[in-house]
Amino acid sequence: MKTALHKFFARRGAIPAACYLLTLAGWLVLGAWNFGSDAAARAGGTLAQQQIPLEEFQLVDLQAEGNGYVSTSADPQIILEDVSDRVVRTLSYQAEFDADPREMCLYYTTAAGEPYSQDKRVFPTIGEDGSYVYTLPRTTIVSLRLDPCSPDATSPVTVQFDGDAITLNDADALPSGLAYWLPSWYQLFCFVLYPALAAAVLSWLRAVWRELRSRRKG
């Protein structure tokens, strides 16, 4: 085995090839882990689609008016204080705004009593059905705070939620099948960049080690 490894790494391009192979193997294992953990959560009933009425959320600076909700400050919030009893992968909803909502984001906490911070927030993508979809990181989620809009304090925004509800873990927004192994564009960029950087560092270290060894022999 030692001789085979020595012969392999003696070849030109062996270090970059090894770095990319290890990265690929790690990605395959990670996808399998995510697939398995989601399957276990579904079987246990903790990862399931839930449509939650807005009345179950804590509304901050959002006032019900007619068929919608009007912002009363520049920082309206929709808070779900405790989701620690379930696995939350996505939050989504369909809504209409009577003005530019400007920044929209979803804050989350990973520990009880933890304050919301900009280090733990995600931004929406637009689903195929026009819904706003927030994809959360794969970690323990304790509470959620949706900022549906960030209006000017002097120009209120009215938002109308389809069905007056917000959906957790919409089945159409969750990965399935090969999607667990399909990288995003950013992940693909990292897949190309970081193994190359690691290979460059390892090649340089090997060159230094060979030079030091040759000097000792000399």
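Here the structure is shown first, and the text comes after it.
Residues numbered from 1 in each chain as written. Predicted model: local features only at pLDDT ≥ 70, side-chain atom pairs only at ≥ 80, totals over all residues. Heavy atoms only, no water.

Engineer: I'm lost on the overall build of the chain in this one. Help?
Structural biologist: Across its full length, the chain carries three helices and 14 strands. What you see for the chain is a C-alpha radius of gyration of 24 Å, clearly larger than the 17 Å of a compact globule of 218 residues, by over 25%. Here the chain, with 218 residues, has 32% of them falling under the buried criterion. Considering only intrachain contacts with a sequence separation of at least 6, the fraction spanning at least 24 residues in the chain is 74%. (Helix = DSSP H or I, 4+ residues; strand = E, 2+ residues; numbered from the N terminus. Rg over C-alpha atoms; globule rule 2.2 N^0.38 Å. Buried < 20%, exposed > 50% of the residue type's maximum accessible area, 1.4 Å probe, protein only. Contact = heavy atoms within 4.5 Å.)

Engineer: Any chance you could explain the side chain of S150 here in plain terms?
Structural biologist: With respect to the helices, strands and loops of the structure, S150 is situated in the loop between β12 (143-147) and β13 (158-161). Note on S150: relative accessible area 18%, which makes it buried. A polar contact is formed between the side chain of S150 and the backbone oxygen of E103, at a distance of 2.9 Å. Sequence-distant contacts of S150, that is, excluding residues within four places in its chain, are made with A74, P101, R102 and E103. (Polar contact = N/O pair within 3.5 Å; in protein donor to acceptor, adjacent residues only side chain to side chain.)

Engineer: For this particular structure, what's the right way to read unusual backbone geometry?
Structural biologist: The phi torsion of most residues other than glycine is negative, and most of the peptide bonds are trans. Not every positive phi belongs to a glycine, and D61 is a case in point at roughly 60 degrees. For D61, a relative accessible area of 33% puts it in the partly exposed group. At N169, a residue that is not glycine, the phi angle is positive and equals roughly 60 degrees. Along the chain, N169 falls in the loop between β14 (165-168) and α3 (185-217). For N169, a relative accessible area of 1% translates into the label buried.

Engineer: Would you explain the sheet that holds strand β10 (residues 125-126) in this entry?
Structural biologist: Whenever strands of a sheet pair, they do so through backbone hydrogen bonds, lying parallel or antiparallel. Reading across from one edge, β1-β14-β6-β11-β10 is the order of the five strands in this open sheet, with antiparallel pairing throughout. Strands with a single pairing partner mark the edges of an open sheet, and in this sheet they are β1 (50-53) and β10. In terms of strand pairing, β10 meets strand β11 (residues 132-135) through two bridges, oriented antiparallel. Note that in β11 the partner of T125 across the bridge is V133. (Pairing = 2+ DSSP bridges.)

Engineer: Even after reading the chapter, I still don't get the sheet that holds strand β3 (residues 62-65), so can you show me in this structure?
Structural biologist: Read from one edge to the other, the open sheet built from four strands follows the order β3-β4-β13-β7, with strand pairing classed as antiparallel. For this open sheet the edge positions go to β3 and β7 (95-97), each flanked by a neighbour on one side alone. Direction aside, neighbouring strands of the sheet carry axes that sit 30 degrees apart on average. Relative to strand β4 (residues 68-71), β3 is paired through four bridges, and the arrangement is antiparallel. Looking at the pairing, E65 lines up with G68 of β4. (Axes fitted to C-alpha atoms, helices over the stretch in contact; angles between N-to-C directions.)

Engineer: Honestly, α3 in this entry has me stumped. Any pointers?
Structural biologist: Because each turn of an α-helix spans 3.6 residues, side chains separated by three or four positions in sequence point in the same direction. In a regular helix each residue adds 1.5 Å, so 33 residues correspond to 48 Å; α3 covers 48 Å between its end C-alpha atoms and thus fits that length. Turning to α3, its buried residues number three or more, namely C190, P195 and A199. The elements touched by buried residues of α3 are α2 (14-44). (Expected span 1.5 Å × (residues − 1).)

Engineer: Explain the packing of aromatic side chains to me, please; I cannot follow it from the model alone.
Structural biologist: Aromatic rings considered in pairs are described by the distance between their centres and by the relative angle of their planes. Inspection of the entire model under this criterion finds ten aromatic pairs. On the basis of an interplanar angle of 65 degrees and a centroid distance of 6.3 Å, the ring pair of Y69 and F161 is categorised as edge-to-face. Of this pair, Y69 sits in strand β4 while F161 sits in strand β13, placing them 92 residues apart in sequence. Each member of the pair, Y69 together with F161, is buried. By way of ring pairs, the aromatic residues Y69, Y93, F97, Y132, Y134 and F161 are connected into one cluster. The residue whose ring lies beneath R145 is Y107, and the NZ or CZ to ring-centre distance is 4.2 Å. (Phe/Tyr/Trp six-rings, centres within 6.5 Å; stacked < 30°, edge-to-face > 60°. Lys NZ or Arg CZ within 6 Å of the ring centre and 35° of its normal.)

From the geometry alone we can't say anything about function, so treat these as descriptive.
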